[in-house]
Amino acid sequence: MNQGVAITGMGMISAIGNNVAENYASLISGKTGISKIRHIRTVHENETMVAEVPMTNGDLETVLGLGPDTLSRTPLLGIIAVKEALDQAGIKDILAYRTGLISGTTVGGMDKAEQYFYDYYESDAHWNHINGLHAGDSTQKIAEAIGLSKSFVTTISTACSSAANAIMLGARMIKSGELDRVIVGGSDSLSKFTINGFKTLMILSDTYNTPFDENRKGLNLGEAAAFLILESDEIVSKQNKKVLAYVKGYGNANDAFHQTASSEHGDGAVLAMEKALKVAGIPPSQVDYINAHGTATPNNDLSEGRAILRVFKDKIPEFSSTKPFTGHTLAVAAGVEAIYSVLSIQNNVIYPNLNFKTPMSEFNLVPETQLKNKEINTVLSNSFGFGGNCSTLIFTKEG
Amino acid sequence: MKKEVYINSIGSVSVQKTFNNSEFLNEIVDYEGISVKAVDPNYKEYIPPAAARRMAKGIKMSAVSSQNAMKEAGLENVDAIIVGTGLGCLGDSEKFVRDLLDNDEQYLTPTKFIQSSHNTVAGSIALDMGCKGYNFTYVHSNISFESSLWDAKLQLANNEAENILVGAVDEVVDHHVITHQFIEHIKKEPVSMRDVLNSGTKGIVFGEGSHFFVLSNKRQQSTYSKLLDMGIYNTLSNDEVSETIRHFVEKNGVSIKDLDGVILGNNGDLEHDTIYHELGTSLFLEIPQLVYKHLSGEYDTASGFAFWMANKIFKTGKVPEILRWNNVQIDRPKRLLLYNQYRGKNHSLVLLEKC
């Protein structure tokens, strides 16, 4: 009943690396990806810092062998990450088994939609992007790039918990035998749309974000793509595949408190963590590390901190937020952090919560601030989003 | 042991007057255009006027259709809310981008950005209902609604939930319509409701709507039908479609001729309706063929209208003449297949049986 679902491949691109190995190297050497904004021209460039993938669209298109201005940045990043994940899983014939693709995104092709919004009326030069605004179009572009046809391909958009829900759905589909293997994760590019949207909510930091710190000033937006390959036990045993870790538990709940803010005591977050523990069939005491959502907004960290206290009571496992490395990558956050969770299990390491100085006045919660080596068997990862969406995933070394 | 999945209630706001569950296309709304808006119910009966003012159209329509579905199911709350939407509350996204560009990123306010989040409808229903359960939003073009149904079916069959509110919503937005006219996805010339399916021109007439249903693994007085099976395929080549449908139907222990009818997604696009026309003269030649997109308009979640319509047909035992595409007699149908695709992509199959 509490059988985990095998993870056999991972791929990613973020501000701290163009693949999983580069991301890990940055994590253990404390190298942040946050800087002044470089690729997007915005009037807010001096008031905010972001975590951009260093490669330009042109760079990405060159790597992928695509012509200029073919795709929006969301599928470009996504294709890079999915290809790496398939390579690691040793998948050559994508149609050999019932294979699905489930991606999370919030912006889809918004980067091109905002860029050419008025140009579309002037000339046909960029009409190839008109239909790209569909979130689902970015996922279909990824499917086409890997030759996935006649298959279950869908897209989830639950704001900043999207990739967690993609991983959750994928695990449920494998468990119930609807798919043999599934590519799960998400892709989101930075856009003026999101920069300005978060600006109106007044939760952007003008400096490096500081999760769980008393003086935190908000979040840094980021961009990334991150995908994992989940496979059925049958394929794993038949092909004698190396399993990187397992998706052991998952929980989704709604805070039902406010469209954008989290409830003061983190009701939704508590429910999501409790459900995930129940699905995993483990007590809270078995969690070795929490990769927190920890966006460094005043509201999230207070709500999440209280929720962690409610679930773990007086035995709080080591926890940290990796947002000071990657920024908040919105729909992809849970995908990025799922991979970091697996790397934590594989390498028995806890990542530092950079930039933390002063504990919050509301409670006595102190994140790990130094890289720490410790036997890690179980990691719990949180992701929360607009619309009250709260999701928790649990990863384990053993199935 | 897998549980059966029932459709226990319906609610709809669309281009037709579908918001009153006691009627079934009693009066048809005619139109002539390239896009067509939903018939507004009296929103005041569902939403406090102060709240309604800043509310996106998608949220408003969904407040009505979801409340109607909840009321008919006799429920105050559900275990999960799952919504499909191709583009979410696109009107607000479009306005936010326009304001951003026109005012050089100054003087923006958060409401339009918040309502631009694709999951804003699922979130606002949860908020109104106080539903802390599972909450998902699927945004995959014209299988957004089918993905939601799939997820609900998975949970109900595995007994992970008992009642799930499943919905589909999309809005008409001018910028979207005009830009899609440029690329001939939307018709260049206005066409009337009566002519659209035989227009002989490229593109579709764009519509909007919101359709909600309570799905459950418990049958009750209000139950309409049983969801037997579903299929979702991101692509199928034209010569794979017929065989894929036949295989899907046969794996459910029935043959094509056992179907009492098929509801097809013809939308009047010269280039892409050929798939339906070919099926209509081969695989489905001898069974009743029904169509609906001349009534609903085409949009990512228009198949929600077909799902609503199938359930109305089961409940009333009637098939309004305007839905019939061929002349094969249809009488008190018990088993209907829904087949949809858009521009040759995202094919979906839904098999329903009357309860």
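The numbers attached to residues start from 1 for each chain and follow its sequence in the written order. Lettering for chains starts from A, numbering for ligands starts from 1, and both go in the order in which the items are written. Given that this is a predicted model, residues contribute local features only at a pLDDT of at least 70 and side-chain atom pairs are listed and counted only at 80 or more, while totals for whole chains, interfaces and linings are drawn from all residues. For the side-chain quantities, the full set of heavy atoms in the structure was used; hydrogens and water were omitted.

## A look at the overall build of chain A
Inference 1: The helix and strand labels rest on DSSP assignments: H or I over at least four residues marks a helix, E over at least two residues marks a strand, and numbering proceeds from the N terminus. Of regular secondary structure, chain A possesses 13 helices and 14 strands.
Inference 2: For 399 residues, the compact-globule estimate of 2.2 N^0.38 gives 21 Å, and chain A sits close to it at 20 Å.
Inference 3: With the C-alpha coordinates aligned to their principal axes, the bounding extent of chain A is approximately 65 × 55 × 40 Å.
Inference 4: Residue exposure (1.4 Å probe, protein chains only): buried if accessible area is under 20% of the type maximum, exposed if over 50%, otherwise partly exposed. For chain A, with 399 residues in total, the buried portion stands at 67%.
Inference 5: Here, two residues are considered to be in contact whenever any of their heavy atoms come within 4.5 Å of each other. Restricting to contacts in chain A with at least 6 residues of sequence separation, those with at least 24 account for 77%.
Inference 6: As presented, chain A carries roughly 12800 Å² of accessible surface, and 51% of it is formed by carbon and sulfur atoms. The globule rule is 2.2 Å times the number of residues to the power 0.38, and the radius of gyration it is compared with is taken over C-alpha atoms. Here the accessible surface of atoms and residues is derived via Shrake-Rupley with a 1.4 Å probe, and residues count as covered only by protein chains that are part of the display.

## Details of the interface of chain B and chain A
Inference 1: Facing the 66 residues of chain B at the interface are 65 residues of chain A.
Inference 2: Note: buried area is the sum, over both parts, of the accessible area (probe 1.4 Å) each one loses when the two are combined. Here chain B packs against chain A, burying approximately 5500 Å² in sum over the two surfaces, 62% of which is carbon and sulfur.
Inference 3: Taken as a group, Glu105, Phe113 and Lys132 of chain B account for 13% of the area that chain B buries against chain A, more than any other trio of residues on that side.
Inference 4: Salt bridges, as used here, are contacts in which a Lys or Arg side-chain nitrogen is within 4 Å of a carboxyl oxygen on Asp or Glu. Taken together, the links from chain B to chain A amount to five salt bridges.
Inference 5: Of the charged contacts in the structure, one is a salt bridge between Glu105 of chain B and Lys192 of chain A, with a shortest N-O distance of 3.9 Å.
Inference 6: Here a polar contact means two N or O atoms within 3.5 Å. Within protein one must be a hydrogen donor candidate and the other an acceptor candidate, and residues neighboring in sequence count only if both atoms are side-chain atoms. Across the chain B-chain A interface, the total number found is 29 residue pairs in polar contact (both at pLDDT 80 or more).
Inference 7: Among the secondary structure elements, those contributing two or more residues to the side of chain B that touches chain A are helix H3 (90-102), helix H4 (110-116), helix H5 (120-129), strand S4 (134-138), helix H6 (144-157), helix H7 (174-182), strand S8 (225-235) and helix H8 (238-250) of chain B.
Inference 8: Residue contributions to the side of chain B that touches chain A peak at nine residues, all from H3 of chain B.

## Here we look at the domain arrangement of chain B
All names here are of chain B.
Inference 1: Per the domain assignment, the segments making up chain B are domain 1 (6-216) and domain 2 (229-354).
Inference 2: Boundaries between domains were set according to an automatic or database domain assignment. Taking only C-alpha atoms into account, the centre of domain 1 sits 21 Å from that of domain 2.
Inference 3: Between domain 1 and domain 2, the contact holds 53 residues from the first and 46 residues from the second.
Inference 4: Summing both partners gives a buried area of about 4000 Å² for domain 1 against domain 2, and 67% of it is carried by carbon and sulfur.
Inference 5: Of all residues in domain 1, Phe24, Asn142 and Leu197 give up the largest surface area on contact with domain 2, accounting jointly for 21% of the area buried on that side.
Inference 6: Taken together, the connections running from domain 1 to domain 2 amount to one salt bridge.
Inference 7: Elements represented by at least two residues in the side of domain 1 that touches domain 2 include exactly strand S1 (6-14), H6, strand S5 (163-170) and strand S7 (209-216).
Inference 8: No other element matches the seven residues that H6 contributes to the side of domain 1 that touches domain 2.

## Describing the packing of aromatic side chains
Inference 1: In this analysis, rings of Phe, Tyr and Trp, with Trp reduced to its six-membered ring, are considered paired at centre separations within 6.5 Å, and the interplanar angle assigns stacked below 30 degrees, edge-to-face beyond 60, and tilted for intermediate values. All chains considered together, the criterion is met by 23 aromatic pairs over all chains.
Inference 2: Summarising the aromatic geometry, the rings of Phe24 of chain B and Trp308 of chain B are spaced 5.6 Å apart at their centres and angled 70° between planes, so their arrangement reads as edge-to-face. Taken together, the residues Phe24 of chain B in the loop between S1 and strand S2 (32-33) and Trp308 of chain B in helix H11 (residues 303-316) connect sequence positions 284 residues apart.
Inference 3: Here Phe24 of chain B falls in the buried class, since its relative accessible area comes to 9%.
Inference 4: Looking at Trp308 of chain B, the relative accessible area reads 1%, which means it is buried.
Inference 5: An aromatic cluster of three or more residues is present, and its members are Phe193, Phe198 and Phe386 of chain A together with Phe96 and Phe113 of chain B.

## Section: the packing of helix H8 (residues 192-200) of chain A against H3 of chain B
Inference 1: Orientation of H8 of chain A relative to H3 of chain B, taken along the N-to-C sense of each, is 90°, at an axis distance of 11 Å. The pairing of H8 of chain A with H3 of chain B is recorded here as roughly perpendicular in orientation. Of the residues in H3 of chain B, those in contact with Lys192, Phe193, Asn196, Gly197 and Thr200 of chain A of H8 of chain A are Ser93, Phe96, Val97 and Leu100 of chain B.
Inference 2: When its residues are assigned to classes, the contact of H8 of chain A with H3 of chain B shows four nonpolar, four polar and one charged. Axis definition: a line fitted to C-alpha atoms, limited for helices to the stretch in contact. Angles are taken between N-to-C directions and run from 0 to 180 degrees. With respect to orientation, any angle under 35 degrees is reported as roughly parallel, any angle over 145 as roughly antiparallel, any angle of 65 to 115 as roughly perpendicular, and every other angle as oblique. Classification used: nonpolar for Ala, Val, Leu, Ile, Met, Phe, Trp, Tyr, Cys and Pro, charged for Asp, Glu, Lys and Arg, polar for all others including Gly.

## Comments concerning H8 of chain A
In an α-helix, one full turn covers 3.6 residues, which means residues spaced three or four apart are oriented alike.
Residues and elements named next belong to chain A.
Inference 1: Burial of H8 is extensive: seven of the nine residues sit out of reach of the surface.
Inference 2: Among the residues of H8, those classed as buried are Phe193, Thr194, Ile195, Asn196, Gly197, Phe198 and Thr200.
Inference 3: In the stretch just after H8, Met202 is the one whose phi turns positive, near 55°.

## Some details on the layout of surface pockets
Inference 1: Of the grid points, spaced at 1 Å and generated over the protein atoms alone, those admitting a 1.4 Å probe that cannot get out make up cavities, while open sets with protein on both sides within 12 Å along at least five of seven lines make up pockets; any residue with an atom within 4 Å of a point is treated as lining. Grid points are joined across faces, edges and corners, and a volume is the space filled by probe spheres set on the points. The computed volume of the largest pocket comes to approximately 870 Å³.
Inference 2: In this structure, the largest pocket is lined by 32 residues; those nearest its centre are Arg98 and Glu178 of chain A together with Trp150, Met230 and Lys251 of chain B.
Inference 3: Elements with a contribution of two residues or more to the lining of the largest pocket: H6, S8 and H8 of chain B.
Inference 4: Looking at the lining of the largest pocket, the element that brings in the most residues is S8 of chain B, giving seven residues.
Inference 5: Of the residues in the lining of the largest pocket, the class split is 14 nonpolar, eight polar and 10 charged.

## As for empty space enclosed by the protein
Inference 1: With the rule as written, the count across this model stands at six cavities of 30 Å³ or more.
Inference 2: What the largest cavity holds in volume is close to 170 Å³.
Inference 3: If you trace the largest cavity, you find 16 residues lining it, with Ala113, Phe117 and Leu133 of chain A together with Leu90 and His175 of chain B closest to the centre.
Inference 4: If you list the elements that add at least two residues to the lining of the largest cavity, you get helix H4 (110-115) of chain A together with H3 and H7 of chain B.
Inference 5: Of the residues in the lining of the largest cavity, the class split is nine nonpolar, five polar and two charged.
Inference 6: Around the second largest cavity, the lining residues are Thr106, Val107, Ala159, Cys160, Phe193, Thr194, Phe198, Leu330 and Phe386 of chain A together with Phe113, Ser116 and Ser117 of chain B.
Inference 7: Counting residues per element, the ones that place at least two in the lining of the second largest cavity are H8 of chain A together with H4 of chain B.
Inference 8: Sorting elements by how many residues they give to the lining of the second largest cavity places H8 of chain A first, with three residues.
Inference 9: Classifying every residue of the lining of the second largest cavity gives eight nonpolar, four polar and no charged.

## Quick notes on the packing of helix H1 (residues 20-29) of chain A against helix H13 (residues 333-347) of chain A
When two helices pack together, their arrangement is captured by the angle between the axes and the distance separating the axes.
Residues and elements named next belong to chain A.
Inference 1: Two numbers describe how H1 lies on H13: the axes approach to 11 Å, and their chain directions differ by 70°. With respect to each other, H1 and H13 are oriented roughly perpendicular. Here Val20, Asn23, Tyr24 and Leu27 of H1 lie close against H13, whose contacting residues are Ile339, Tyr340, Leu343 and Asn347.
Inference 2: Across the contact of H1 with H13, the residue classes break down as six nonpolar, two polar and no charged.

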